[in-house]
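Per-entry structural report
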Amino acid sequence: MKLTVVGYWHGYPESGEATSGYLLEEEDYKILLDCGSGVLSSLQAYCSITDLDAVVLSHYHHDHQADIGAYQYARLINKGMGTNMKEATIYGHQDDEQAFSKLEYKGVIKAKAYDDHKSLQIGPFLFTFFKTKHPVPCYAMKIESKGKTFVYTADSSYFPELAEFAAEADLLVAECSGYKGDQSAQYGHMTSEDVGKLANISKSKKLVLSHLPHYGNHSQLVNEVQEQYSGDVTLAFTGLLLNM
Ligand SMILES: [Zn+2]
Ligand SMILES: [Zn+2]
């Protein structure tokens, strides 16, 4: 499988960029993981909007789903223009039924619920969901295909079970919203110190730091992670391509 970072900012996008969004591909199947502010614009450098098979949302905070409205309009307008489109489904959790009910749209997008009790096959990918520690219900995802495992933490503070969930991941994309010593946990987020611990305990083979803060020097995050984790660490950037 192939992962492209479409957006990686915490909270709001910096100029010309986007908050959380990751394009996951295997053969012709394309899934967008989260759809934050600016994602729909940035995505088009890598994939046509009408070529997406599915969008999977970790939770309903703006920085993970703000562009869903734009995606719905894009599908509707392209249908009106007679564009040849794939069928599209948005997957979300139903812990917030009101937010879930807004995903399905005018016959151009279906919505399906996932839950953490059973794995879900989406195209060539087997998804397993795991509830994180965050101010609103949010799910980390383990995605398996062709013997490779990719884990996306979504938003969460650190807790030991998250490391168990991420065990032996070939690729771990972890949110890293703060620097060592920041009080990120009280907002349901992880610091570089937390992510270092997570990557070390989970024995993840490769780590990407994402959901990055709007202050400080991001290279410091890498140094702080490396105090605990000796594997390969990369900072997310727009267009970062990861092959598994
Ligand atoms: Zn959040
Ligand atoms: Zn977030």
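Details of the structure are given in the entry above.
First, a word on what this report is: a plain description of the structure on this page. (Residues numbered from 1 in each chain as written. Chains lettered and ligands numbered in written order. Predicted model: local features only at pLDDT ≥ 70, side-chain atom pairs only at ≥ 80, totals over all residues. Heavy atoms only, no water.)

1. What about the overall build of the protein?
To be explicit about the condition: Counting from the N terminus, the helices are the DSSP runs of H or I reaching at least four residues and the strands are the DSSP runs of E reaching at least two. We take the radius of gyration over the C-alpha atoms and set the globule estimate at 2.2 Å times the residue count to the 0.38 power. Remark: exposure states derive from per-residue accessible area (1.4 Å probe, protein chains only) relative to the maximum for the residue type, with buried under 20%, exposed over 50%, and partly exposed in between. Contact definition: two residues touch when any of their heavy atoms are within 4.5 Å. Exposure was quantified through the Shrake-Rupley algorithm and a 1.4 Å probe, taking into account, for residues, occlusion by the shown protein chains and nothing else. By the counting rule applied here, Lys and Arg register as positive and Asp and Glu as negative, while His and the ends of each chain are not counted. Every charge is mapped onto a representative atom, which is NZ of Lys, CZ of Arg, CG of Asp or CD of Glu.
Secondary structure assignment for the protein yields 7 helices and 14 strands. Expected size for 244 residues packed as a compact globule is a radius of gyration near 18 Å; at 17 Å, the protein falls within 12% of this value. The 244 residues of the protein split such that 55% are buried. For the protein, contacts bridging at least 24 residues in sequence account for 57% of all contacts bridging at least 6. Of the roughly 10300 Å² that the protein leaves accessible, carbon and sulfur atoms contribute 48%. A gap of 6 Å separates the mean positions of the 20 positive and 31 negative side-chain charges of the protein.

2. Thoughts on the coordination of the zinc ion (ligand 2)
Defined as follows: Here the coordinating atoms are restricted to nitrogen, oxygen and sulfur within 2.8 Å of the metal centre, or 3.2 Å for Na, K and Ca, and because water is not among them the sites may look incomplete. For a four-donor site, all angles between 85 and 135 degrees give tetrahedral; for four or six donors, opposite pairs above 155 degrees with the remaining angles between 65 and 115 give square planar or octahedral; all remaining cases count as irregular.
For the zinc ion (ligand 2), the full set of protein donor atoms is Asp-63 (OD), His-64 (NE2), Asp-155 (OD) and His-211 (NE2), at a range of 2.1 to 2.2 Å. Between the 4 donor atoms coordinating the zinc ion (ligand 2), the angles at the centre fall across 89 to 160°, so the site counts as irregular. Sequence spacing of the donor residues for the zinc ion (ligand 2), all on one chain, is D-H-x90-D-x55-H.

3. Describing the sheet that holds strand E12 (residues 206–210)
Rules: Pairs of strands are assigned from DSSP output, requiring at least two bridges between the strands. Only C-alpha atoms enter the line fits that serve as axes; for helices the fit covers just the stretch in contact. Angles between N-to-C directions range over 0 to 180 degrees.
Across the sheet, 7 strands lie side by side as E7-E8-E9-E10-E11-E12-E13; this open sheet has mixed pairing. A single partner strand is all that each edge strand has here, and the edge strands are strand E7 (120–122) and strand E13 (232–235). Strand-to-strand twist of the sheet, defined as the mean angle between neighbouring strand axes without regard to direction, takes the value 20°. Bridge analysis of strand E11 (residues 171–175) against E12 gives 4 bridges, and the strand direction is parallel. Its bridge partner lying in E12, Ala-174 is registered against Leu-209. Sitting on the sheet, helix H6 (residues 192–202) touches E11 and E12, and the angle it makes with E11 is about 155°. Sheet strands in contact with helix H7 (residues 218–226) are E12 and E13, and its direction is about 160° off that of E13.

4. Some remarks on the pattern of salt bridges
In plain terms, the rule: One side-chain nitrogen of Lys or Arg within 4 Å of one carboxyl oxygen of Asp or Glu is enough to make a salt bridge.
The final tally for this structure, using the stated rule, is 11 salt bridges. Asp-53 is the salt-bridge partner of Lys-86, the closest N and O atoms lying 2.8 Å from each other. In this pair, Lys-86 sits in the loop between helix H3 (68–80) and strand E5 (89–93) while Asp-53 sits in the loop between helix H1 (39–43) and strand E4 (54–56), placing the two residues 33 residues apart along the sequence. The salt bridge involving Lys-118 is made with Asp-115; its shortest N-O contact spans 3.5 Å. Since its relative accessible area comes to 57%, Lys-118 is described here as exposed. Each of the salt bridges in this network shares a partner with another, and the network as a whole consists of Lys-2, Glu-25 and Lys-30.

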